[in-house]
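Below, each chain spelled out in residue letters.
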Amino acid sequence: MRDGPVRGFLENVIGISWQRQRVLLLNATYEPLTVVSTRRAIVLTITGRAETVHEDEAHAIAHSEQLAVPVPSVIRLRHFVRVPYRAQIPMTRAALMRRDANRCVYCGSRATTIDHVIPRSRGGANTWDNCVACCAPCNRRKADRLLHELGWTLHREPVAPKGRHWRLLATVTDIDPVWEQYLAA
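Residues numbered from 1 in each chain as written. Predicted model: local features only at pLDDT ≥ 70, side-chain atom pairs only at ≥ 80, totals over all residues. Heavy atoms only, no water.

Moving on, we come to the confidence of the model for the protein. Across the protein, the average pLDDT comes to 81, with 80% of residues at or above 70. Mean pLDDT values for the elements of the protein range from 49 in helix H1 (residues 3-11) up to 95 in strand S7 (residues 113-116). (pLDDT = per-residue confidence, 0-100. Helix = DSSP H or I, 4+ residues; strand = E, 2+ residues; numbered from the N terminus.)

Structure below.
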């Protein structure tokens with residue numbers, strides 16, 4: 001019974017790009033779980049499984065014949081969902097850049113590339129403690145040399161990030177500013 005009106009509602013939405021817009025999904029305890037599509041977020045709110053915490057800043061509204069629902073940017077599940085513990089956070093470019101605040105660890109300028117502290121050609125691994133954000137000039141200058149060969153030092157030691165929100169940050173490249181308060185550890 002619920003599926004019929006929801007399907008009709010979503011088929012008749014006007015002016016919303018479902019592929020581009022994403023919504024942060026929080027657990028009942030306001031812990032970030034994942035990012036879902038706008039379509040999935042609206043289905044969760046219409047069916048009563050989630051509630052809207054923040055609406056879209058552009059005040060977009062999804063319309064159907066019988067309903068008008070504000071498009072959410074953050075939703076919260078009504079019931080707590082237990083998330084299994086995972087020890088390792090996947091290392092992605094987006095998460096690495098976020099860990100290093102988009103700054104080169106060698107000179108402090110805007111980072112655009114990723115560098116291996118111990119180059120892969122010399123046996124360096126592709127791990128959190130060996131990869132750092134780096135600007136292109138420093139990356140070219142360092143090439144496949146070790147830091148002591150150049151006389152360089154790191155401003156801070158690269159370590160694997162801790163906290164549950166990092167699993168989410170490892171998979172999302174574009175973070176909505178509204179989400180920041182929920183992602184702070």
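Note that Arg 76 resides in strand S6 (residues 72-77). The class for Arg 76 is buried, based on a relative accessible area of 14%. Within the local environment of Arg 76, its side chain forms a polar contact with the backbone oxygen of Ala 28, the two atoms lying 2.8 Å apart. At a separation of 2.5 Å, a polar atom in the side chain of Arg 76 contacts the side chain of Glu 51. Each residue touching Arg 76, except ones within four places of it in the same chain, is listed here: Leu 26, Asn 27, Ala 28, Tyr 30, Arg 49, Ala 50, Glu 51 and Val 53. (Buried < 20%, exposed > 50% of the residue type's maximum accessible area, 1.4 Å probe, protein only. Polar contact = N/O pair within 3.5 Å; in protein donor to acceptor, adjacent residues only side chain to side chain. Contact = heavy atoms within 4.5 Å.)

Turning our eyes to something else, we now look at helix H2 (residues 38-46). If you check which residues of H2 are buried, you get Thr 38, Ala 41, Ile 42, Val 43, Leu 44 and Thr 45. Directly beyond the C-terminal end of H2, a positive phi value near 85° is found at Gly 48.

A few words on the sheet that holds strand S3 (residues 50-55). Read from one edge to the other, the open sheet built from four strands follows the order S2-S1-S6-S3, with strand pairing classed as mixed. Of all strands in the sheet, those bounded by a partner on one side alone are strand S2 (32-37) and S3. Strand-to-strand twist across the sheet, computed as the mean angle between neighbouring axes with direction ignored, equals 30°. Here five bridges tie S3 to S6, and the two strands are oriented antiparallel to one another. Residue pairing across strands places Glu 55 opposite Pro 72, the latter belonging to S6. On the sheet, H2 packs against strand S1 (22-26), S2, S3 and S6 and is oriented at approximately 110° with respect to S2. (Pairing = 2+ DSSP bridges. Axes fitted to C-alpha atoms, helices over the stretch in contact; angles between N-to-C directions.)

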